[in-house]
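# A look at the structure
Next come the chains, spelled out residue by residue.
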Amino acid sequence: MILETNQLTKSFGLRKAVDNLNLEIPEGAVYGFLGPNGSGKSTTIRMMTALITPDEGEVIIQGKSVQANGNTALTDVGALIERADFHKHLSGETNLKMLARMDGTDMSRVQMVLDRTGLGARGNDKVKTYSQGMRQRLGIAQALLSNPKLLILDEPTNGLDPQGMKEVRDLIQELASEGITIFISSHLLDEVQKICSHVAMISLGSLITAGKIEDLLRDSDLLLTEVHVNKVEEAVKLLSDQSWIHRCEAEDSVLRVGVGQEHITEMVQLLVKNNIQVSAVIPKTSLEDLYLSKLGTESQI
């Protein structure tokens, strides 16, 4: 585990914002951190990055306690906490150079991270000319200056238009493919499902569920794909005999199949091989289904 929280607890007055929270983030994961507004997500991230001190418990990053070691434990961590904030009258490059100078970072990293976040050609432009999506990418560039192994992002796509969200999402996926572990706090369930391998859900500061998204969906009996076929009874019998099919039910000419994403092609090939025509395959499960099943419809995302 690259990051763990052990019995992490924080109160503000009589309100317990985080309550004995235990998380385990595997190295190489893209880890979504979900919960309603006021559930304790930002407070948890601020404790992870030593911006505030927990009342009890600790955060462990690569075997080092953040509370015991301070910035030493954060050496390989980059973070973007809430909305990126820069001097708008200065260029993106100048902003990053100022930050690099303050942290003692090698100046060669500045152009490297601008290029890496797709801002290489706009580095000399003033930040006030950037779109909100570009400013968020500049914020991620800032977080990458230290060449981190772990990237912590608090609501990285919040307030962005669809194009800006796609730009940030694509960047996160690219960084993850390079081996950077990414921890993302978000309330945008569709975005999380598109980019995350793991997820944790909290409510009122307490952990509700955590694990690989596919495992959580399967274990909750929510991992479903709609399959339209011409021979329903034959298809049900055939698929029910496969160990990688978790459930198979029929309604008219539609099958509702519990099958992992990695087995969908295999399922279609098996049906066709047995002379069963497949006219449509439609994934029906969403992370929202799981979220609402765990936290209830009264939770405001």
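Attention here is on the structure that accompanies the text. (Residues numbered from 1 in each chain as written. Predicted model: local features only at pLDDT ≥ 70, side-chain atom pairs only at ≥ 80, totals over all residues. Heavy atoms only, no water.)

## Description of empty space enclosed by the protein
Per the stated rule, a full pass over the model turns up two cavities of 30 Å³ or more. Roughly 40 Å³ of volume is contained in the largest cavity. Of all elements in the fold, only strand 8 (181-186) and helix 7 (189-195) reach the threshold of two or more residues within the lining of the largest cavity. Ranked by residue count, the leading element in the lining of the largest cavity is helix 7, at three residues. Its residues assigned to classes, the lining of the largest cavity shows five nonpolar, two polar and one charged. (1 Å grid on protein atoms, 1.4 Å probe; cavity = no way out; pocket = protein on both sides within 12 Å on 5 of 7 lines; lining within 4 Å. Points joined across faces, edges and corners; volume = space filled by probe spheres on them. Helix = DSSP H or I, 4+ residues; strand = E, 2+ residues; numbered from the N terminus. Nonpolar A, V, L, I, M, F, W, Y, C, P; charged D, E, K, R; others polar.)

## Here we look at the side chain of T225
Tracing the sequence through the fold places T225 in strand 11 (residues 225-229). Exposure remark for T225: the relative accessible area of 4% places this residue in the buried category. Not counting residues up to four positions away in its chain, the partners in contact with T225 are L255, R256, V257, V259, I264, V281, I282, P283 and K284. (Buried < 20%, exposed > 50% of the residue type's maximum accessible area, 1.4 Å probe, protein only. Contact = heavy atoms within 4.5 Å.)

## Thoughts on the packing of aromatic side chains
A full pass over the atoms with the stated rule returns two aromatic pairs. Relative to F183, the ring of Y31 lies with its centre 5.8 Å away and its plane at 15°, an arrangement referred to as stacked. Within this pair, whereas Y31 is found in strand 3 (residues 30-34), its partner F183 is found in strand 8, the two being separated by 152 residues in sequence. These aromatic residues form a ring-pair network of at least three members: Y31, F33 and F183. (Phe/Tyr/Trp six-rings, centres within 6.5 Å; stacked < 30°, edge-to-face > 60°.)

## Structural notes on unusual backbone geometry
Peptide bonds are, in most cases, trans, and in most cases residues other than glycine have a negative phi. We note that N20 has phi near 50°; this positive angle belongs to a residue other than glycine. In this structure, N20 sits in strand 2 (residues 15-25). Given the relative accessible area of 36%, N20 is considered partly exposed. One non-glycine residue, N275, lies in the positive phi region at around 60°. Here N275 lies in the loop between helix 10 (264-273) and strand 14 (278-283).

## Quick word on the sheet that holds strand 5 (residues 64-65)
One open sheet accounts for four strands, arranged 2-1-4-5; its pairing is antiparallel. Two strands lie at the open edges of the sheet, namely strand 2 and strand 5, each paired on one side alone. Looking at chain direction, strand 1 (residues 3-12) and strand 2 are connected through seven bridges and run antiparallel. Across the sheet, the residue bridging to S11 is K16, located in strand 2. Of the strands in this sheet, strand 1, strand 2 and strand 4 (56-61) touch helix 1 (residues 41-48), which is tilted by about 120° from strand 1. (Pairing = 2+ DSSP bridges. Axes fitted to C-alpha atoms, helices over the stretch in contact; angles between N-to-C directions.)

## Things to note about the pattern of salt bridges
For the coordinates displayed, the defined rule picks out nine salt bridges. In this structure, D55 and K10 form a salt bridge, with 3.7 Å as the shortest nitrogen-oxygen distance. In this pair, D55 sits in the loop between helix 1 and strand 4 while K10 sits in strand 1, placing the two residues 45 residues apart along the sequence. Judged by relative accessible area, D55 falls into the partly exposed class, the value being 43%. A relative accessible area of 13% means that K10 is categorised as buried. Through salt bridges with shared partners, a single ionic network connects R116, E174 and E178. (Salt bridge = Lys/Arg side-chain N within 4 Å of Asp/Glu carboxyl O.)

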